[in-house]
Amino acid sequence: MTTQALTIETTTINERIKDCATILFIFISTIFVVYVLPKPVGHLLVISVSIVFFKSKKDYLWLAYFFILLIDPGNFFFNNDLTAPFRLPLFTLSAGISLSTNDIFMLAAFVKAITSKHKYRYILSRPIIFIFIYSILLLILSLLIYGTSLGTLTFYLRKFLFYSYFISISFLLKNWEEMVKFFYLLFPFVFMVFFFGIYFYMTGDYFVQLFNPGPLRDIFLISMEGVKRWNGIGVELLLICFITSLSLSVLKKNHSNYLILVGLFSYFTILLTATRIWFVVFTLILLMFLYKSKRILSKMMVPLSLLLIILILVINFNPRVSYSFTKSAERVTSVFELGEQGSLSTQQIKHKIENRMPKVMKAIAENPFFGWGFSDRARSSLDDDVGNFSLVAQVGIFGFTLFLYFWLNYLRMMFKIKGLFSKDSPYRTIFLILIFAFLGFLIAHFTTHQFFGLTLMEVTIYFTCIYIFLSECFIRRALKVNAIKKFRGE
């Protein structure tokens, strides 16, 4: 390596360390403002951040910060609990109409994006536009025919508007380097969440309880013979960091221990949650990565050994942890007992079919072709825990066809670009990782967890936007590096 190249690499590492220190400082400062200082200071913080964001040239840093606030690692901000004593500021515009901190930052990002000089056209623009046009049709039907109260309209539009991140992310992350910097800012939070998980199993309490945040009504989930199961950690953070760290490690000639460590910590952290569907999705991606990167196994031994030592020490020296880990393992591995009488997986599916599915199926039967859109009927019927059935209830058969068109176009695009590269090309491995990840999303969507829709949780929508942009960034990078001038993904 030449002296000049070494200097450039060192500068890049130093810049990443400085950026990581900055976002961690901002995150900790936000916690301090919310928990220690008077509430008006929180409103001042949001306004100040918005102003700084508009003037900043490091859009990748602020977009990462906005994503972290949506994820809410550690449950510090109680984004989904309006009555929580400690949460991010809420801006009340009038009776019944207010904007959350995340709403403010989403709108700020969109305004900055559309006023910037940099523009971007998605390879998948056609299916995305088709879904958007159909969404407008559903909005009109909801207003004029189905009946939509102001509360429901506000509730759904607030969520739907987060799809503006399709524009904000692609316009503000101007090149490959900024996209990589964005993800390197997320990676440290994987280790933070892992620590929160270990703390939970060692003490039985959430780390945030040290800050005396009041009752954690919806965070605790009792489901393992009276044992508290860790919940609410933001699977989207772990998932996007897992996929990205493994993919970026493939591009490193000697592979990066840090990237491999991020991937392993993401995987082990999701195991701590004892969530069956995410165990399936993460394992599917990991198996593809290991199959295509056999030479990397030796590199994984050090970080894997470190992780195992930590887990063994924690489990052996704390009986509470040992028991909780045993119950978590039983819950996760019950996915292999699906269909067997008495298994946890079979019981869970039976519960959903008998208790959660009927109202969704009834809504589909009453309006099978167009769906209930943004109406009051939709709000009383939809349930994202029954996957694709909830999507059909909202968008109907016509809307489902458009989502199917989007899924097939994504897969066709990825298989087409994969076919341009030889078997030993690192980009071929990356595209296979992305394909298997997307197939994992579809498995989740068609079984238990609605992954695609118009009005999902804001963080899920942000995840979808960044994942599609990430996929296209890898495509454009591969084409540029290999001097391939023409490619049509649709």
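Residues numbered from 1 in each chain as written. Predicted model: local features only at pLDDT ≥ 70, side-chain atom pairs only at ≥ 80, totals over all residues. Heavy atoms only, no water.

**Regarding helix α8 (residues 176-203)**
Here's step 1: For α8, which comprises 28 residues, the first-to-last C-alpha distance of 42 Å matches the rise-based estimate of 40 Å (1.5 Å per residue) to within 8%.
Here's step 2: For α8, the N-terminal capping position is held by N175, with its side-chain oxygen 3.2 Å away from the main-chain nitrogen of E177. (Helix = DSSP H or I, 4+ residues; strand = E, 2+ residues; numbered from the N terminus. Expected span 1.5 Å × (residues − 1). Polar contact = N/O pair within 3.5 Å; in protein donor to acceptor, adjacent residues only side chain to side chain.)

**Description of the packing of α8 against helix α10 (residues 257-272)**
Here's step 1: One can describe the packing of α8 onto α10 by two numbers: an axis separation of 9 Å at closest approach and a directional angle of 40°. Remark: the crossing between α8 and α10 carries left-handed chirality. Where α8 approaches α10, its residues Y184, F187, P188, V190, F191, V193, F194, G197, I198 and Y201 are matched on the opposing element by Y258, L259, L261, V262, F265, S266, F268, T269 and L272. (Axes fitted to C-alpha atoms, helices over the stretch in contact; angles between N-to-C directions. Left-handed = near helix turned anticlockwise from the far one by under 90°. Contact = heavy atoms within 4.5 Å.)

**Quick notes on the packing of aromatic side chains**
Given two aromatic rings, one states the distance between the centres and the angle between the planes to describe the pair.
Here's step 1: For the structure shown, the criterion picks out 65 aromatic pairs.
Here's step 2: Ring geometry for Y65 and F66: centres 6.1 Å apart, planes at 55°, overall tilted.
Here's step 3: Aromatic side chains F403 and W407 sit 6.2 Å apart centroid to centroid with 50° between the ring planes, which places their arrangement in the tilted category. Placement of both F403 and W407 in helix α16 (residues 388-418) is noted, with a separation of four residues, approximately one turn of the helix. Across this residue pair, the class does not change: F403 and W407 are buried.
Here's step 4: A network of ring pairs unites the aromatic residues W278, F400, F403, W407, Y410, F438, F441, F446, F451, F452, F463 and Y467 as a single cluster.
Here's step 5: If you follow R377 out to its NZ or CZ, it ends over the ring of W372, 5.7 Å from the centre. (Phe/Tyr/Trp six-rings, centres within 6.5 Å; stacked < 30°, edge-to-face > 60°. Buried < 20%, exposed > 50% of the residue type's maximum accessible area, 1.4 Å probe, protein only. Lys NZ or Arg CZ within 6 Å of the ring centre and 35° of its normal.)

**Structural notes on unusual backbone geometry**
Here's step 1: Unusually for a residue other than glycine, D72 sits at a positive phi of about 55°.
Here's step 2: Tracing the chain through its elements places D72 in the loop between α3 (59-71) and β1 (90-94).
Here's step 3: For N75, which is not glycine, the phi dihedral falls at a positive 60°.
Here's step 4: Here N75 shows up in the loop between α3 and β1.

**Details of the side chain of S168**
Here's step 1: Relative to the helices and strands, S168 is located in helix α7 (residues 165-172).
Here's step 2: Overall, S168 belongs to the buried group, its relative accessible area being 0%.
Here's step 3: Look past the residues within four positions of S168 in its chain and what remains in contact with it is L63, A109, F110, A113 and L173.

**Considering the pattern of salt bridges**
A side chain with one charge may pair with a side chain of the opposite charge, provided their charged atoms come close.
Here's step 1: Under the definition given, this model contains eight salt bridges.
Here's step 2: Taking the shortest distance from any N to any O, the salt bridge between E15 and K181 comes out at 3.0 Å. Residue E15 is found in helix α1 (residues 3-35), and its partner K181 is found in helix α8; the two are separated by 166 residues along the sequence.
Here's step 3: According to the relative accessible area criterion, E15 is partly exposed, its value standing at 28%. (Salt bridge = Lys/Arg side-chain N within 4 Å of Asp/Glu carboxyl O.)

**A few points about the side chain of S100**
Here's step 1: Note on placement: S100 falls in strand β2 (residues 97-100).
Here's step 2: With relative accessibility at 14%, the residue S100 sits in the buried group.
Here's step 3: What S100 contacts, discounting residues up to four positions off in sequence, is R87, P89 and L90.

**Remarks on the confidence of the model for the chain**
Here's step 1: Predicted confidence across the chain gives a mean pLDDT of 83, with 78% of residues reaching 70 or more.
Here's step 2: Low confidence marks residues 3-8, where pLDDT is under 50. Its contacts with residues over four positions away, or in another chain, come to one contact. (pLDDT = per-residue confidence, 0-100.)

**Concerning α16**
Here's step 1: Here α16 contains 31 residues, and its C-alpha end-to-end distance of 28 Å is more than 12% below the 45 Å for a straight helix at 1.5 Å per residue.
Here's step 2: At G396, α16 shows its largest kink, close to 110°. (Bend = angle between axes of the 7 residues up to and from the residue.)

**So, a nonpolar patch on the surface**
Here's step 1: A cluster of nonpolar side chains, contributed by I129, F130, F132, I133, I136, I140, L143, L144 and I145, occupies part of the molecular surface with about 890 Å² of accessible area.
Here's step 2: For F130, the position within the fold is in helix α5 (residues 125-146).
Here's step 3: Among the residues examined, F130 registers a relative accessible area of 36% and is labelled partly exposed. (Patch = residues over 30% accessible without salt bridge, like charges linked within 9 Å, V, L, I, M, F, W, Y side chains within 5 Å. Areas by Shrake-Rupley, 256 points an atom, 1.4 Å probe, with all protein chains shown as cover.)

**A look at the pairing of β2**
Here's step 1: The alternating pattern of β2 places S98 and S100 on a buried face and I97 and L99 on a face that is not buried.
Here's step 2: Relative to β2, β1 runs antiparallel, the two sharing four bridges. Each bridged residue has a counterpart across the sheet, and for L90 the counterpart in β2 is S100. (Pairing = 2+ DSSP bridges.)

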